[in-house]
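# Architecture and fold: a report
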Amino acid sequence: MRLQVKTEEQIATEQAWYGSEKVWLVHKDGFSLATLLKTEAGSLPEGKVKIKLEHDETILDVDEDDVEKANPPSFDRSEDLASLQYLNESSVMHSLRQRYGGNLIHTHAGPNMVIINPLSAPSMYSEKVMHMFKGCRREDTAPHIYAVAQSAYRNLLTTRQDQSIVLLGKSGSGKTTNCQHLVQYLVSIAGSTGKIFSGEKWQAVYTILEAFGNSSTSMNTNASRFSQIVSLDFDQAGQVASASIQTMLLEKLRVAKRPETESTFNVFYYMMSGADSTLRTELHFNHFAENSAFGIAPQSKSEDKQKSSQQFTKLQAAMKVLGISVEEQRALWLILGAIYHLGAAGATKEADEAGRKQFARHEWAQKAAYLLGCTLEELSSSIFKHQAKGPMQRSTSFRGGPDEAGAGDSSGSKITALDCLEAMASGLYSELFTLVISLVNRALKSSQHSLCSLLIVDTPGFQNPRMAKRQRGATFEELCHNYAQERLQTLFHERTFVQELERYKEENIELALDDIESSTSMSVAAIDQASTQALVRTLARTDEARGLLWLMEEEAVQPGGSEDTLLERLFSYYGPDQGDNKGHALLLKSDKPHHFLLGHSHGTDWVEYDAQGWLSHAKQNPASQNAATLLQDSQKKNISSLFSSRSGGPTVLSGSIAGLEGGSQLALRRATSMRKTFTTGMAAVKKKSLCIQIKLQVDALLDTVRRSRVHFVHCLLPKADAVGVGGEPRVAHGESCDSGLMQLDVGLLRAQLRGSKLIDALRIYRQGYPDHMVFSEFRRRFDVLAPHLTKKHGRHYIVTDEKRAVEELLESLDLENSSYHMGLSRVFFRAGTLAKLEEQRDVQTRRNITMFQAACRGYLARQAFKKRKIQDLAIRCIQKNIKKNKGVKGWAWWKVFTTVRPLIEVQLTEEQIRGKDEEIQQLKGRLEKVEKERNELRLNSDRLESRITELSSELADERNTGESASQLLESETSERLRLEKDMKDLQTKFDSMKKSMDSMEMEVMETRLLRASELNGEMDDDDTGGEWRLKYERAIREIEFTKKRLQQEFDDKLEMEQQNKRQLERRLSDLQADSEEVQRTAQQLKKKCQRLTAELQDTKLHLEGQQSRNHDLEKKQRKFDSEQNLSQEEVQREKNIREMLSREKDMLTGEVFTLRQQLQDKDLEMCAQNVKLEQLEAELLDLSSQETKDEASLSKVKKTMRDLEAKVKDQEEELDEQAGTIQMLEQAKLRLEMETERLRQTHSKEIESKDEEVEEIRQSCSKKLKQIEVRLEEEYDDKQKVLRERRELETKLLSSQDQVNPRDVESEKRLRKDLKRTKALLADAQIMLDHMKNNAPSKREIAQLKNQLEESEFTCTAAVKARKSMEVEIEDLHVQMDDISKAKQALEEQLSRLQREKNDLQSRMEEDQEDMNELMKKHKSAVSQSTQNLAQISDLQAQLEEALKQKQDVQEKLSALQSQLEFQETSMVEKSLVSRQEAKIREMETKMEFEKTQVKRLESLVARLKENLEKLTEERDHRSTSETREKEQNKRLQRQIRDVKEEMGELAKKEGEASRKKHELEMDIESLEAANQSLQADLKLAFKRIGDLQAAIEDEMESDDNEDLINSLQDMVTKYQKRRNKTEGDSSDSEVEDRVDGVKSWLSKNKGSTKNLSDDGSLKSARFAVNVDAEEGKEWKEVLLAEDGSALTNLTKKRLKKKVVRPEGPTAPETHGAAT
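Each residue is numbered by its place in its chain's sequence as written, counting from 1. For this predicted model, a pLDDT threshold of at least 70 governs which residues receive local features, and a threshold of 80 or more governs which side-chain atom pairs are given and counted, while totals over whole chains, interfaces and linings are taken from all residues. Side-chain figures throughout are based on the complete set of non-hydrogen atoms in the structure, without hydrogens or water.

### A look at the overall build of the protein
From N to C terminus, the protein includes 40 helices and 22 strands. We call two residues in contact whenever any of their non-hydrogen atoms come within 4.5 Å of each other. Put simply, 73% of the contacts in the protein that link residues at least 6 apart link residues at least 24 apart. Residue burial considers only the protein chains on display, and all accessible areas are found by Shrake-Rupley using a 1.4 Å probe. For the protein, the exposed surface amounts to about 101,000 Å²; the carbon and sulfur share of it is 53%. Helix and strand assignments follow DSSP, with helices taken as H or I runs no shorter than four residues and strands as E runs no shorter than two, numbered in order from the N terminus.

What follows is the structure in structure tokens.
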């Protein structure tokens, strides 16, 4: 995304916006803009904020949860919702509303597209707009449905992978319209071979589909009633090679039955309104029926009729475009007319006397039979007879045979005649629709080779009658369409959330994402969840959860199955539990009968369904199956030919999916995959089930889509009245909307956003790494952006570590670290990063292509130039040959040669021609033979391929059937084995129970016989029976006493249990209330946490965006600085050149002045020469006047003249060469001067910069060393401080341990004493219990005392446990202190090591300083040497100038000599003059040799200077390498320092944790001390009371009544021992045992004294037992049988003693006798 430069006004507006802190207030009517006001701390309750509304400036106190942050106004119409600064519901809806108001209905939502239905026909889908998106990337275009198509098409071309576009949304949101736009764009942009796929043809396709598959509903006036997959197959060139359409989930029952106020399919109205007279007569449409069983009637309004007539004409034209013949159209109209006449015929409600079902109006039935091409009897038999003509199976045929199915039908509701008629009509229309789809595919298919496909999925949207303000419940067909949409939503959730998170987990990428909510699997599971025993042949209802479709299929064959049992089972599986919160359940009961509520779209769309009559959908009606047979056996040829030819092909899959024909390989592959869905595993058995077919169709749809890369388009409904419902659109409270702004229903929009989980998808898109590439692919694709790496490694470099290569590439690209993440096998990028890289790659590719084009053009130009040169040479050659030809054309022998040569070659050419003709004929024969063989092989291969595909499909079907059968057999075998095992277990249980029952019966018989014999014996012998009677009575009394005792114990236990139960119930209710409160609080905190996390993530993303912008700006700044430095260097270079030119100008002016002077001298010389010339002319005249001339001397002079001319020419050539070398030397000198000047300047600058850098490095190193020293000192101080704290803590711990141990010993002793006293107190309490036996509160007091005892024991054990835990914690603290000491020692070692490294670093710095000083000395010497060299160069320049002057003089002299030589050629010259000239020439030659030696010396000097310069450059490079090495060493030291800092931080954390644990231990010690003090205070009072009781007990011990107390204490000791044996291993038993031992010792001391007393007591009781009467004996036995047998109270003893010691009266003997 390109950054746009903001104006000052925009920046000021944004700053004002951020300063005011604008927020959205969310309320039930929408959201309102407000300003967050700042308040003082504590002025508002927690969780409240103060805001001021913008529209009326009202100040309100609202909850924090109702406030969401608002974005600046610049984001109001953001093209991508992912780019919002604050991502929340209100901001998203505000942006969508603003864009919708501006007629911008398309918006990007990350990788997805959001489209709001405009409810009008906008002009944004023209041909011109299509070409605007052609070839563009997604980032370069505005959001549009064409952008989605272009993105999918681009990915298809680049990846060669199948693509799919899935449209999601409610009914009426514009999915089908967008599907048409997608197809139109792809066909027009991609094109096709030969233009076989035109826009007109696809418009005709959608016209036919709209007529046969659309109808008017309560939600949409033109709603699609079927699901479709439009498949476009593309070839290698990216053109459309073939196409096909697959349809499924056709709502075929709409022909006969549909909800009120809804219509049937559009084609019926088109045909009834638009048919001409001939067609009307043929279809018997001259008169329409008054009423129809199907509700099909002609339209009443004239405008509707006119529109329908126009649509019928358009439909016929569309069929003509697709190549559907007139006879085929006629067959379609005949079937449609027959369906209408069947509805007009109707059916009788009740059968006649013979039980037959028949038509209500036979005349209309006769018309239907005529149109179908059959007789009325055949039609009636096909509809009303329940046996199918062909082999027919029920939908649940695998459960039983036809007899069982018939039994199931007889038990349930019987099929009426109207049901049979509706089944026949729906079957006919299903066959008709399948035929239409096959005809359409016939027009779209092609045999061209295709490479990959692009699928467009369009299904009916979510439908809820409540949205259309209808009071009815939703139908089963609407449930099926909603189920398909739910599955597509699940696919969106899986691709967007699940797969992304799994990919991050696989690649070890950690993201701080919020908890992603679960998908819509619960609502989907409530519909289609299968049982694990789905293949078992059983009719029994099991408790395993199954979906609605499976339950319908089971209830349809169950005896007594109905909709009530269906819903009851459904609610038992998926309804809310009794204790659960109903808000989490997605299935609820309705107030109406046979109605239920199902929550779609994550519970945001609750739809009420009416399940009345749903079981009929699970039952296969034979009439629907007879429809295909009826059409195939039709007497009308046009109908029978269509359906008989289609019966052998795989056009329909189990009566579910239509349009599986296709000529391309991809179409066959799709058909095979869909067929495999229906023939694999469970589907092979269930594919005949009508309900399970729905699931299998959706499975086939999703399996087809999952094999491709999916692009999702979310279509949103703007408002509820957009679907044809009246009412004004709602406006949010307090929101001022513009008049031109198209209104949106905010509540409906919020529900759709929540249901589609778009905001969560945007959040994971923003926070995650949505773009990713494999390492190798990324390196190969973006290697062009780093050409230096390619140069470094070479073009054919083999990468061994792809990850390292990618890291190097990313480092060279200078990307921000937060914008990418390296995984294990691929590299991940933030949103937009990969697009930027693609843009940079395109720019670099364009640059490379431009350079390549330039190189190619240069090469071509050079080749053209070479060609021109060759042509020029050829032309010259031709010209030369022509000239030669002109010279020889008159030659006789040439004429003979040209005449004879062609005659010789004629015979040779004729023979060659004949040989070539023969070869051509042979090749033609071979070619024809090969073509013939190739055609035969092609035909054979096509035939074999078709045969192979058929055999493979048959083999797959057979294999899948075998697998399903084997699975069925295995499941049945396992079920049989399980049942046999259960039967064996039950048999063994039955045998054991039978044996036990027999033994019990024998015992009962024995007891009965014994009782009978005893009774008989009593009657026979009264004397012997008295004894048995007494025993019997005693046993009965004992049994009664035992019963009473047990009843009493049971009552006591029951009362205690009831009390415990009440307490537990109260506690449970309190806990439930607390848990509910905690849940509410947790939910609120969770929401708040999610909101704050979202805001934090938004802020973090905004910060990352700012950092990326800063990073880009820094890159631009660095680029600008580099360009500025380059420009400054250029300026400096220009300045230096100017200075040099000015110096050269001065030099040249001096040279000009000298040259002028020389010219004046030469003028004077010329005058002198002229004078001499005149003299010579005079001499020449004198010489010419001589008549006698010596010829020999003349020849000698000429010879010498020629020699002189040759020498002069040689000298001229040498002079030219010398001039060239001098000029080269001058140029070299000039370049050398410039280079030396530049090197001097750069060298000086570099030296200055290096000096500055060295100084800065020295300063920074010294600062860092000082900082390290300071930190080391601080760390040393911290270490000493920690050691001091450790010593203090150890001393405190030791002191606390010393304090704790004696205190614990003392408390243990006290507790033991307390236990002894408590035991005594318990004995006293038992004695008091006997005293107060008649009073009810005694038991409570005992319970209180026992509770006190248990509490005291518990406190004792708690104190012991606390002491042990304290000891363990002290030991842990010691261990931690040891660890800290070890860490401190390691830190000291590390600090010493760092100190040594610091010293080494200082020594290295000193050495480096010395090296720098030496380098400076060398540099100074080099500078001085360079100055000397410059001085030598200046001398050489002066010498060169002198040589140049001499050269000019020599040239002038040579010119003079040349003129003289010319003059001498014309005249006779004296020998003396020639000798003078030769002497001058020799002098010039010597001067030239001297100059050559000078030039050689200069060249050697230049070579020495070059060597010196090379040495200087080498030294400079060496110094730069040493500096880089020093920098690296400094970096390494900095890293070590940073590591030391981190280790110090970790040690500080450990010290903090140790101090925190020390503080916690101190707090625990204080709490234990407080607990001990409170325990001591609580026990003091108990000790006082127990001491008093002990004193009283010891006094009582001396009396005669101490036996009972001792017995009771003994019983208590034995009870305790038994309980200890039961609960062994308890940690607190040791102290209690000590106390018990104390009690035992006390008992042993008093044993002797109590023994005598007990003996006396027993004698007394035995002596005076005879005086006890019946009543007293009864009281005595009650006392003896009292609880524990030893709790005799003093009161009871005294009463017995009084009764026993009574004086003997006259009744004593009687009593004695009775006793004996």
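And the narrative resumes.
### Remarks on unusual backbone geometry
Unusually for a residue other than glycine, Arg160 sits at a positive phi of about 55 degrees. Tracing the backbone shows Arg160 in the loop between helix H4 (145-159) and strand E8 (163-169). The exposure class assigned to Arg160 is partly exposed, which follows from its relative accessible area of 36%. Of note in this structure, Leu249 is not a glycine but carries a positive phi near 55 degrees. We call a residue buried when its accessible area falls under 20% of the maximum for its residue type, exposed when it is over 50%, and partly exposed in between, using a 1.4 Å probe and counting protein chains only.

### Comments concerning the side chain of Ser173
Here Ser173 lies in the loop between E8 and helix H5 (175-190). Overall, the relative accessible area of 1% leaves Ser173 in the buried class. Polar contact is the term for a pair of N or O atoms within 3.5 Å; when the atoms are in protein, one must be able to donate a hydrogen and the other to accept it, and sequence-neighboring residues count only if both atoms are side-chain atoms. Separated by 2.6 Å, the side chain of Ser173 and the backbone oxygen of Lys170 make a polar contact. Dropping the residues within four chain positions of it, Ser173 is found in contact with Asn117, Cys715, Leu716 and Leu717.

### Brief notes about a negative patch on the surface
A patch is a set of surface residues, each over 30% in relative accessible area and not in a salt bridge, joined within 9 Å for like charges and within 5 Å for the nonpolar side chains Val, Leu, Ile, Met, Phe, Trp and Tyr. What counts as a salt bridge is simple: a side-chain nitrogen of Lys or Arg found within 4 Å of a carboxyl oxygen of Asp or Glu. Lys and Arg are tallied as positive, Asp and Glu as negative. Neither His nor the chain termini are counted. Charge positions come from single atoms, namely NZ of Lys, CZ of Arg, CG of Asp or CD of Glu. Together, Asp1210, Glu1213, Glu1214, Asp1216, Glu1217, Glu1485 and Glu1489 make up a region of like negative charge exposed at the surface. Those elements that provide at least two residues to the negative patch are helix H32 (1191-1331) and helix H34 (1471-1597). For the negative patch, the element with the most residues is H32, which contributes five residues. Here Asp1210 lies in helix H32. Take Asp1210: its relative accessible area is 40%, and that puts it in the partly exposed class.

### Comments concerning the nonpolar core
Ranked by size, the top nonpolar core spans 143 residues in total, and within it Trp202, Phe212 and Trp333 carry the most contacts. Sorting elements by how many residues they give to this core places helix H14 (residues 417-444) first, with 17 residues. Apart from the residues lying within four places of it in its own chain, the contact partners of Trp202 are Val183, Gln184, Val187, Phe197, Val230, Leu232, Ala243, Ile245 and Leu444. Core analysis: the next-biggest nonpolar cluster, separate from the first, contains 57 residues, Phe492, Leu549, Tyr574 and Leu701 among them. As used here, the term nonpolar core means buried Ala, Val, Leu, Ile, Met, Phe, Trp, Tyr and Cys residues forming a set that is joined through side-chain atoms within 4.5 Å.

### Quick notes on helix H28 (residues 802-813)
Expected span of a helix: the number of residues minus one, times 1.5 Å. In a regular helix each residue adds 1.5 Å, so 12 residues correspond to 16 Å; H28 covers 16 Å between its end C-alpha atoms and thus fits that length. Of all the residues in H28, the buried ones are Ala805, Val806, Leu809, Leu810 and Leu813. Down the axis, H28 shows its buried residues gathered within 135 degrees of arc, on one side only. Regarding H28, its N-cap is Asp801, as a side-chain oxygen of that residue lies 3.3 Å from the backbone nitrogen of Lys803 further along. Just downstream of H28, Asp814 is the residue with a positive phi angle, here 60 degrees. By definition, the arc is the one covered by directions from the helix axis to the C-beta atoms.

### Quick word on the state of the cysteines
Cysteine sulfurs are considered disulfide-paired once they come within 2.5 Å of each other. Tallied over the full model, the rule gives zero disulfides. Free cysteine Cys480: the closest other cysteine sulfur is in Cys691, separated by 8.1 Å.

### Overview of a positive patch on the surface
Taken together, the side chains of Arg1404, Lys1527, Lys1531, Arg1532, Arg1535, Arg1538 and Lys1541 make up a positively charged region of the molecular surface. In terms of residue count, the dominant contributor to the positive patch is H34 (six residues).

### Quick notes on the pattern of salt bridges
Inspection of the entire model under this criterion finds 40 salt bridges. A salt bridge links Arg330 to Glu282, with the shortest nitrogen-to-oxygen separation between them at 2.3 Å. With Arg330 in helix H10 (residues 326-345) and Glu282 in helix H8 (residues 277-283), this pair connects stretches of sequence that are 48 residues apart. Its relative accessible area of 27% is what places Arg330 among the partly exposed residues. For the salt bridge of Glu808 with Arg804, the shortest nitrogen-to-oxygen distance reads 3.8 Å. Linking Glu808 with Arg804, this pair stays in helix H28, spanning four residues, or about one helical turn. Residue classification places Arg804 among the partly exposed positions, given a relative accessible area of 38%. Salt bridges linked by common partners bring Arg225, Glu251, Arg254, Glu262, Arg472 and Glu478 together as one network.

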